[in-house]
Amino acid sequence: MKWLFLFVVLLNAGFLSWHSFVQDKPEKNQESIYGPPVSEKIHLLSEAPAVSEQDYSSGVAANESLEEALSKVIEQSAGDSSELYCPRLETERDDDKKQITKVLKSFGWAYKDREVSGKRPKFWLYIAAPETPAIAERIVKELASKSIDSFVINRAEMKNRISLGLYSSKERADQAKVRIQNVSGYAVDVYEHMRNVSLQQIDIAQPVDEKDWEQFMSRFDLTKMMIKVEKNPC
C-alpha cells in the first residue's frame, strides 16, 4: 500500500514537469502566404462588344493587337445587321405612278396606294400687265404666232397680266422662262407659291434593305419624274 502511494506521487510529479516544459517552449510564428485575387480579365472599349479570352486566343493572330480584334468584331457585327426600310413614294402625275407600280410588280414587292391631298410648290410664269387690256390681247396674239400658249387674266390685282403656264419644279420653270424670253422678246417673271394638289401615295408593304432599295431606285430617271421619296424605318 505504501509503495502504491509512492508510485502515484512520482507519476504526478513527472506529468507536472513535462507539462511545464512544453508550455515554456516558444512557438514558431507561421508567415501568412499572400496570393493575388484570381479573376477574369476585363477589356474596356467604348461602344464595342465584349471579346472573351477564348475568342481572342482562337481568332487573333499572334502579332494582332486587341484593338484590331475588336475592330474586326465591330465590322462583322455591322455587316450582319442591315437597316430595313418601309418606304413611301408620292407623285402628282398618273404616268409617274404607272411607272412606279410597274417596277414594284417586277420586283414582286407588295404595296398599297391611295389618293391624298397635299400642298406642293408651284411656279407660275407671267408677263407683267401692260397699260391697257387691248395691248394685253395684242401680246397674246403675238405669242400665239410664235407657238407660245398664253391668256390674259381678268381677276383683281392680277388683271391684265399674261399667264404663260404653271410648273411644278423650279428648274423647268427657269428653262421655260429663258426660252419664252428669247423667242418673244418680253421679260418673263416667276411667282412661287404653295398650292393644294391631288397626290398618288404608294406605301411599300414589306421591309426593304439598303441594297434592294438602291436597285429599285436605279430603275427610274428621277430627272424626268416628279416624285417625293420617304425612306421610313420599319
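Our subject is the structure that appears above.
Cut-offs and rules
Residues numbered from 1 in each chain as written. Predicted model: local features only at pLDDT ≥ 70, side-chain atom pairs only at ≥ 80, totals over all residues. Heavy atoms only, no water. Phe/Tyr/Trp six-rings, centres within 6.5 Å; stacked < 30°, edge-to-face > 60°. Salt bridge = Lys/Arg side-chain N within 4 Å of Asp/Glu carboxyl O. Helix = DSSP H or I, 4+ residues; strand = E, 2+ residues; numbered from the N terminus. Buried < 20%, exposed > 50% of the residue type's maximum accessible area, 1.4 Å probe, protein only. Expected span 1.5 Å × (residues − 1). Contact = heavy atoms within 4.5 Å. Core = buried A, V, L, I, M, F, W, Y, C linked by side-chain atoms within 4.5 Å. Axes fitted to C-alpha atoms, helices over the stretch in contact; angles between N-to-C directions. Parallel < 35°, antiparallel > 145°, perpendicular 65-115°, else oblique. Left-handed = near helix turned anticlockwise from the far one by under 90°. Pairing = 2+ DSSP bridges.

S.K.: Account for the packing of aromatic side chains, with residues named and values stated.
M.R.: Applying the stated criterion across every chain, the model contains seven aromatic pairs. Chaining the aromatic ring pairs together yields one cluster made of Phe107, Trp109, Trp213, Phe216 and Phe220.

S.K.: Can you break down the pattern of salt bridges residue by residue, with the values?
M.R.: Oppositely charged side chains can pair when the atoms bearing their charge come close. Enumeration according to the criterion identifies 10 salt bridges in this entry. Among the salt bridges present, the one from glutamate 92 reaches lysine 122, with a minimum N-O distance of 2.6 Å. Of this pair, glutamate 92 sits in the loop between strand 2 (88-91) and helix 4 (94-107) while lysine 122 sits in strand 3 (residues 111-127); the two residues are 30 residues apart in sequence, bridging distant segments of the chain. Overall, glutamate 92 belongs to the partly exposed group, its relative accessible area being 24%. Of the charged contacts, one joins lysine 224 and aspartate 221 as a salt bridge, the two residues approaching to 3.9 Å between their closest N and O atoms. Relative accessible area serves as the criterion here: at 34%, aspartate 221 is assigned to the partly exposed category.

S.K.: Mind laying out helix 4, listing which residues take part and the relevant values?
M.R.: Taking 1.5 Å of rise per residue, the 14 residues of helix 4 would be expected to cover 20 Å, and the 20 Å separating its terminal C-alpha atoms lies within 8% of that figure. Where helix 4 is buried, its residues contact strand 2, strand 3, strand 6 (189-204), helix 7 (210-217) and strand 8 (227-230). Residue glycine 108 follows helix 4 closely and has a positive phi angle near 75°.

S.K.: Would you mind going over unusual backbone geometry in detail, with residue names and values included?
M.R.: Residue serine 147 is not a glycine yet carries a positive backbone phi of 65°. In this fold, serine 147 is placed in the loop between helix 5 (133-144) and strand 4 (151-152).

S.K.: Let's hear about the nonpolar core: which residues, and what values?
M.R.: The biggest cluster of nonpolar side chains holds 15 residues, and the ones touching the most others in it are Leu125, Ile127, Leu143, Ile162, Leu164, Ile180 and Val188. Taken together, the elements giving at least two residues each to this core come down to strand 3, helix 5, strand 5 (162-167) and helix 6 (170-184). In terms of residue count, the dominant contributor to this core is helix 5 (four residues). What leucine 125 contacts, discounting residues up to four positions off in sequence, is Ile162, Ser163, Leu164, Gly165, Tyr167, Ala173, Ala176, Lys177, Ile180, Val188, Asp189 and Val190. Counting 13 residues, the second-largest nonpolar core is a separate cluster that includes Ile202, Val208, Trp213 and Met217.

S.K.: Give me the packing of helix 4 against helix 7: which residues, what numbers.
M.R.: Interhelical geometry of helix 4 versus helix 7 gives an angle of 135° and a closest axis separation of 11 Å. Put simply, helix 4 runs oblique to helix 7. Here helix 4 and helix 7 pass one another in a crossing that is right-handed. Between helix 4 and helix 7, the residues in contact are Val103, Leu104 and Phe107 and Asp212, Gln215 and Phe216, respectively.

S.K.: Can you lay out the pairing of strand 3 for me, pointing to particular residues and giving the numbers?
M.R.: Pairing between strand 3 and strand 6: 16 bridges, direction antiparallel. Note that in strand 6 the partner of arginine 114 across the bridge is glutamine 201. For strand 3 and strand 5, the ladder comprises five bridges, and the chain directions are antiparallel. Opposite isoleucine 127, over in strand 5, you have isoleucine 162 as the bridge partner.

As far as function goes, none of this settles anything; it's purely spatial.
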